[in-house]
Amino acid sequence: MNLFKKFRTTEKPKKGVNICGKLILPVCFMFFSLSQVNGQKGLFVKFSVGPGFTREYSGINSDGLSIVTKNHAIGWGITDNFAVQIGEFGGLNKLKAGDYNYINLDSYGLGFCYLTPIDFKISVLGAYSKVSFAKKWSEASGEDRGHGYGINMSIDKEWFIAKRWGIRLGPQIFWLKTSETDYKFFNASLNGSLVFYITPVR
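Residues numbered from 1 in each chain as written. Predicted model: local features only at pLDDT ≥ 70, side-chain atom pairs only at ≥ 80, totals over all residues. Heavy atoms only, no water.

What about the sheet that holds strand 3 (residues 82–97)?
- Within the closed barrel, the eight strands sit side by side as 1-2-3-4-5-6-7-8. Their pairing is antiparallel. With strand direction ignored, the average angle separating the axes of adjacent strands in the sheet is 20°. (Pairing = 2+ DSSP bridges. Helix = DSSP H or I, 4+ residues; strand = E, 2+ residues; numbered from the N terminus. Axes fitted to C-alpha atoms, helices over the stretch in contact; angles between N-to-C directions.)

In structure tokens form, the structure reads like this:
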């Protein structure tokens, strides 16, 4: 009987070890899973929109609200930290110009995206750009008012929400100038993005 009691006494501490094991294993698994998040290797598609503010400081010399800005891209991650991309940026702006109430900015170009060591993504694009004036927001293509070039930069924080999906949030700025009409636009916005990766990110 004494031997049986002694045996039971020595067995009790093992229960504590088992509880610790049950806690440690899930924590280790979660840490391991998060550490397996890849950067942006392979093909990805980004859809990005948001509100903003625009300023024309040449011919119109006025400012207004951007009803919606865009910063879409299709890219290819060469490494976990660096990607090349084709992008489209611009916006529909509530800005008075003569008889017109809206100005639409469209740009299409090439650039890159870099993942910094502190997990922010910096994207830069150089683009061919177009300016259109419209009387109604539903006719955004409106009247052609010149072509030129533009430069875009955005800084985003990304969170992965599924195996191939991520969401981003961050500021975007771009500058645009037309050659013939000499319009100069500056735009700043806060954009939310939805990103799809062909290669799983986790």
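Alright, that's what it looks like, and here's the rest.
Concerning the nonpolar core
- Judged by nonpolar contacts, the single largest core of 15 residues is most densely connected at Ile60, Ile103, Leu105, Val131, Phe133 and Phe185.
- For this core, the secondary-structure elements that each account for two or more residues are strand 3, strand 4 (100–115), strand 5 (120–134) and strand 7 (165–178).
- Apart from the residues within four sequence positions on either side, Ile103 is in contact with Ile60, Gly91, Leu92, Asn93, Leu95, Ala97, Val131, Ser132, Phe133 and Phe185.
- Core analysis: the second largest hydrophobic core is formed by seven residues, Phe44, Ala83, Val195 and Val201 among them. (Core = buried A, V, L, I, M, F, W, Y, C linked by side-chain atoms within 4.5 Å. Buried < 20%, exposed > 50% of the residue type's maximum accessible area, 1.4 Å probe, protein only. Contact = heavy atoms within 4.5 Å.)

Some remarks on a nonpolar patch on the surface
- A cluster of nonpolar side chains, Phe47, Val49, Ile67, Val68, Trp137, Trp159, Ile161, Trp165, Ile167, Leu169, Leu190 and Leu194, forms an exposed patch at the surface whose accessible area comes to about 1100 Å².
- Elements represented by at least two residues in the nonpolar patch include exactly strand 1 (42–56), strand 2 (62–77), strand 7 and strand 8 (184–197).
- Here the nonpolar patch takes three residues from strand 7, the largest share from any one element.
- With respect to the helices, strands and loops of the structure, Val49 is situated in strand 1. (Patch = residues over 30% accessible without salt bridge, like charges linked within 9 Å, V, L, I, M, F, W, Y side chains within 5 Å. Areas by Shrake-Rupley, 256 points an atom, 1.4 Å probe, with all protein chains shown as cover. Salt bridge = Lys/Arg side-chain N within 4 Å of Asp/Glu carboxyl O.)

What to know about the packing of aromatic side chains
- What the rule picks out here adds up to nine aromatic pairs.
- Where Tyr149 meets Trp175, the ring centres are 5.8 Å apart and the plane angle is 55°; that geometry is what we call tilted. Here Tyr149, found in strand 6 (residues 143–160), pairs with Trp175, found in strand 7; they are 26 residues apart in sequence, far enough to count as distant.
- On the basis of relative accessibility, which here comes to 24%, the residue Trp175 falls in the partly exposed class.
- Seen from their ring centres, Tyr183 and Phe185 are 6.2 Å apart, and the 45° between their planes marks the pair as tilted.
- The class for Phe185 is buried, based on a relative accessible area of 0%.
- Each member of the aromatic cluster is reached from another via a ring pair, and the members are Tyr100, Phe133, Tyr183 and Phe185. (Phe/Tyr/Trp six-rings, centres within 6.5 Å; stacked < 30°, edge-to-face > 60°.)

Some remarks on the pairing of strand 4
- Sheet topology note: the strand 3/strand 4 ladder contains 14 bridges and is antiparallel. Paired with Phe82 across the two strands is Tyr114, which belongs to strand 4.
- As consecutive antiparallel partners, strand 3 and strand 4 are separated by two residues, and within that stretch Gly98 has a phi angle of approximately 65°, a positive value.
- In terms of strand pairing, strand 4 meets strand 5 through 14 bridges, oriented antiparallel. From the neighbouring strand, Tyr108 faces strand 5, where its bridge partner is Tyr128.
- Where strand 4 folds back onto strand 5 in an antiparallel hairpin, the turn is made up of four residues, including Asp119, whose phi is positive at roughly 65°.

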